[in-house]
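# Structural overview for review
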Amino acid sequence: MTQTATPHLETDLYIDGAWRPATGGARFDVLNPADETVIASVAAADIDDADAALDAAAAAMPDWAARPPRERAEILRRAFELMHAHKEDIARLITLENGKARADAMGETLYAAEFFRWFAEEAVRADGMLTPAPASGARIMVQHRPAGIAALVTPWNYPAAMGTRKIAPALAAGCPVIIKPAAETPLTMLALMPLLEEAGVPRGLVNVLPTRASGPLVDHIMHDPRVRVISFTGSTGVGRTLLRTAADQVLKPAMELGGNAPVVVFDDADLDTAVTGTMLAKMRNLGEACTAANRIYVHRDIAEDFTRRLTDAMAALTLGNGLEDGVDVGPLVNAATRDKVAELVEDALARGATLRLGGAVPDGKGFFYPPTVLAEVPPDALCQREEIFGPVAAIQTFSDTDDVVARANDTEYGLVAYVFSGDFRRGLQVCERLDYGMVGLNRGLVSDPAAPFGGMKQSGLGREGGHEGMLEFMETQYISAEW
Ligand code: NAD
């Protein structure tokens, strides 16, 4: 059954716990990538709206920061429960504006909700330290306190989770937030606001400012002296720009940027595990993920067997409108993303890669690109240097461990890598030689709210989730005391 009726949508700005149109009255359209129809016209925040959000956040901070952590925790826990209670509606909205198929959208919804549960648990564990100074006779006291207003900027590939991964730790730490969701997918974040209200989040603490003119709006917010944190998830290029802007006010930066994930499949790997794991790492979210497998290195002795099995698994996926039953793979988010994927495939073929599956843009409406497998991909193909961000599995072969480790590390990125080996010792040794913030060993999925998510090198700064996630929104204060 296809559910086509449009649900009730929030389309105004959310400032100080109230819905309002943009001061200048501007709006922009949000499209359904499956059929290119307009889902909604959303208010486009301008500078005056940013000022209103900053004032609201500043007014909300003292009370929130002073509340006992347990009180903050209980509100976050209710937010988790409410997201679960409304998971079908949230998942449906994610599919509508992002395109991803229903199972992916539900996976994202549950993952997004989990950050509220995890940080409800972390809110009461902001530990510090008290210790005698080695020589001075003083006591060294160290505590963490809320950093201040946090500016949050999120991408379109996970409209709910990339937001909750920042909102939950910020609130747990005692900080108000102003969030600017991606212009392609603002509706999901707006739809979460009534749930946060119902959970008990006070007005002014979370403000949502969609816009298409992100640069000037975010720049204005980051120059307000009341803002102390910029937490960004998106491309490395925009991350660099925001780091430069952050320098003006010496903001605390948390940057979750691009990736170019290698998958290394050794000849002793269990092939079922390796194919299932690679499918998960490649096709979760249609490949539109910073964690998506971008370069698949398979040992020469098993390359043909692995490629055949992976191709069969990719061929079994059904492409279509993500809301329809039986659809595994929806459209990409917009025409530009689809066209970029098509260009990368053409480039790889022109350089000598072999097409094993897919590879052609289908006719008709919607930004569809089919599951595609490329074998014998030359290392200099653009799709091995840049993020593919689409459902294209690009396979290379190797025969020597040192060589494959060097090739896997040969990128400016360092977000996540995946290793498949039946020999745990060998697998672990290779994991430790990979310059990546996260490594999946015999697993194609590493994201876990309880673990520190983040990258090395140009994949970012800081960590989200785990114990570290809340510290991104806190300042460390040391008091030298004598008594
Ligand atoms: P993007 O960098 O174009 O946009 C991300 C966000 O930044 C959006 O909200 C956008 O509107 C905003 N933005 C764009 N230009 C801006 C500017 N000049 N000033 C302020 N804000 C600006 O990225 P995208 O295309 O939306 O997302 C895809 C990228 O995100 C990929 O590179 C992917 O790897 C990365 N990503 C990283 C992670 C991670 O955790 N490391 C997670 C998801 C996505």
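Residues numbered from 1 in each chain as written. Predicted model: local features only at pLDDT ≥ 70, side-chain atom pairs only at ≥ 80, totals over all residues.

## What to know about the sheet that holds strand β5 (residues 129-132)
Pairing within the open sheet is antiparallel, and its 3 strands lie in the order β5-β6-β22. Of all strands in the sheet, those bounded by a partner on one side alone are β5 and β22 (474-481). Along the sheet, successive strands turn relative to each other by an average axial angle of 20°, direction set aside. Judged from the 4 bridges that link them, β5 and strand β6 (residues 139-146) form a sheet pairing that is antiparallel. From the neighbouring strand, Thr131 faces β6, where its bridge partner is Ile140. (Pairing = 2+ DSSP bridges. Helix = DSSP H or I, 4+ residues; strand = E, 2+ residues; numbered from the N terminus. Axes fitted to C-alpha atoms, helices over the stretch in contact; angles between N-to-C directions.)

## Structural notes on unusual backbone geometry
In this structure, Glu376 takes a positive phi of about 50° despite not being glycine. With respect to the element layout, Glu376 can be found in the loop between β15 (372-375) and α12 (382-385). The class for Glu376 is partly exposed, based on 15 C-beta atoms found within 10 Å. (Buried ≥ 20, exposed ≤ 12 C-beta atoms within 10 Å, placed from the backbone.)

## Here we look at the pairing of β6
The antiparallel hairpin formed by β5 and β6 contains 6 residues in its connecting segment, where Gly137 sits at a positive phi of about 85°. In this structure, β6 lies alongside β22, joined through 8 bridges in antiparallel fashion. Bridging from a neighbouring strand, Met141 pairs with Ile479 of β22.

## A word on the nonpolar core
Across soluble globular proteins, nonpolar side chains have a tendency to be buried as a group. Counting 154 residues, the largest nonpolar core has Leu76, Ile178 and Leu374 as the members making the most contacts within it. Residue assignment places this core across two domains, with domain 1 (13-257 + 459-481) and domain 2 (261-449) each supplying three or more. (Core = buried A, V, L, I, M, F, W, Y, C linked by C-beta atoms within 7 Å. Domains from an automatic or database assignment.)

## Here we look at the UniProt feature "active site" (unreviewed entry) in the protein
Under the local residue numbering, the UniProt record ascribes the feature "active site" (unreviewed entry) to Glu256. Mapped onto the secondary structure, Glu256 falls in strand β11 (residues 252-256). Discounting residues that sit within four places of it in the chain, Glu256 has contacts with Thr233, Gly454, Gly460 and Glu464. (UniProt positions renumbered as here; feature names shortened; annotations may be inferred. Contact = placed C-beta atoms within 7 Å.)

## Examining the domain arrangement of the protein
Domain annotation for the protein reports domain 1 (13-257 + 459-481) and domain 2 (261-449). A straight line from the C-alpha centre of domain 1 to that of domain 2 covers 30 Å. On the domain 2 side, the residues contacting the 22 residues of domain 1 number 26 residues. Mapped by element, the contributors of at least two residues to the side of domain 1 that touches domain 2 are α3 (87-98) and α4 (102-122). Here the residues of the side of domain 1 that touches domain 2 are counted per class, giving 8 nonpolar, 6 polar and 8 charged. (Nonpolar A, V, L, I, M, F, W, Y, C, P; charged D, E, K, R; others polar.)

## Some remarks on the packing of helix α2 (residues 69-85) against helix α6 (residues 187-199)
With their axes 8 Å apart at the nearest point, α2 and α6 run at an angle of 135° to one another. If you check the angle between α2 and α6, you find them oblique. As for the relative orientation of α2 and α6, their crossing is right-handed in sense. Contacts between α2 and α6 involve Ile75, Arg78, Ala79, Leu82 and Met83 from the former and Leu195, Leu196, Glu198 and Ala199 from the latter. Broken down by class, the residue content of the contact of α2 with α6 amounts to 7 nonpolar, no polar and 2 charged. (Parallel < 35°, antiparallel > 145°, perpendicular 65-115°, else oblique. Left-handed = near helix turned anticlockwise from the far one by under 90°.)

## Points about the confidence of the model for the protein
In the predicted model, the protein carries a mean pLDDT of 97, and 99% of its residues have values of at least 70. Confidence metrics for the complex model read pTM 0.97 and ipTM 0.94. (pLDDT = per-residue confidence, 0-100.)

## Section: the site of the ligand
Close to the ligand lie 27 residues, the nearest being Pro155, Gly234, Ser235, Glu256 and Cys290. Within the residue set of the shell around the ligand, elements represented by two or more residues are α7 (214-222) and α8 (236-249). When its residues are assigned to classes, the shell around the ligand shows 12 nonpolar, 12 polar and 3 charged. Here the shell around the ligand spans two domains, and each of domain 1 (13-257 + 459-481) and domain 2 (261-449) adds at least three residues to it. (Near = placed C-beta within 6 Å.)

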